[in-house]
Amino acid sequence: PFGAIMEKNEYLYISTSIFNDAHKQIKNDGNIQIVAVKPKIRQWLRITGQATECTDLKIKFEMFEACPKLKKHFDSAKSSSFILFKIKVLKSEFK
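Everything quoted here is computed from the prediction, not taken from an experiment.

*Asks:* Just checking my understanding: could you explain the layout of surface pockets for this structure?
*Replies:* Rolling a probe over the atoms, with the probe sized like a water molecule, indicates the empty space that remains. The computed volume of the largest pocket comes to approximately 210 Å³. Lining the largest pocket are 12 residues, and of these Gly3, Ala4, Ser15, Leu70 and His73 lie nearest its centre. Residue classes in the lining of the largest pocket are distributed as 5 nonpolar, 6 polar and 1 charged.

*Asks:* What am I meant to see in the packing of aromatic side chains here?
*Replies:* Aromatic ring pairs are defined here through the distance separating the ring centres and the angle between the ring planes. One pass over the full model with this rule turns up 2 aromatic pairs. Aromatic pair Phe74 and Phe82: ring centres 5.0 Å apart, planes at 55°, arrangement tilted. The residues Phe74 and Phe82 share a single accessibility class, namely buried. Taken together, Phe64, Phe74 and Phe82 form an aromatic cluster joined through their ring pairs.

*Asks:* Please explain the pattern of salt bridges as it appears in this structure.
*Replies:* Side chains carrying opposite charge are able to pair once their charged atoms draw close together. With the rule as written, the count across this model stands at 6 salt bridges. The residue Lys8 makes a salt bridge to Glu62 at a minimum N-O spacing of 3.1 Å. Here Lys8, found in strand E1 (residues 5-8), pairs with Glu62, found in helix H2 (residues 57-66); they are 54 residues apart in sequence, far enough to count as distant. Given the relative accessible area of 21%, Lys8 is considered partly exposed. You can call Glu62 partly exposed: its relative accessible area is 24%. Across the pair Glu53 and Lys27 runs a salt bridge whose closest N-O atoms are separated by 3.1 Å.

Reading the values: the criteria
Residues numbered from 1 in each chain as written. Predicted model: local features only at pLDDT ≥ 70, side-chain atom pairs only at ≥ 80, totals over all residues. Heavy atoms only, no water. 1 Å grid on protein atoms, 1.4 Å probe; cavity = no way out; pocket = protein on both sides within 12 Å on 5 of 7 lines; lining within 4 Å. Points joined across faces, edges and corners; volume = space filled by probe spheres on them. Nonpolar A, V, L, I, M, F, W, Y, C, P; charged D, E, K, R; others polar. Phe/Tyr/Trp six-rings, centres within 6.5 Å; stacked < 30°, edge-to-face > 60°. Buried < 20%, exposed > 50% of the residue type's maximum accessible area, 1.4 Å probe, protein only. Salt bridge = Lys/Arg side-chain N within 4 Å of Asp/Glu carboxyl O. Helix = DSSP H or I, 4+ residues; strand = E, 2+ residues; numbered from the N terminus.

Taken by themselves, the reported measurements are silent on function.
Structure below.
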């Protein structure tokens, strides 16, 4: 699961760590779908997009500030284990 997500300039940003396989999978194939479901009411959201790694430190710092819980997992936005992906949304569905 991606607990930290940010929207900026028509892109979504998600963060992960080098210590899991998710970042390897996304780097190998940037086609991505994110699905979220609201419990008990069966509403869901699906986003389909193209993800690329974001190395822009300014954006990484913005993500760090937008999602304070990242500070529990990473020393700083400059941490070599902090991976950020930029997602160009190609399609979104809400039902």
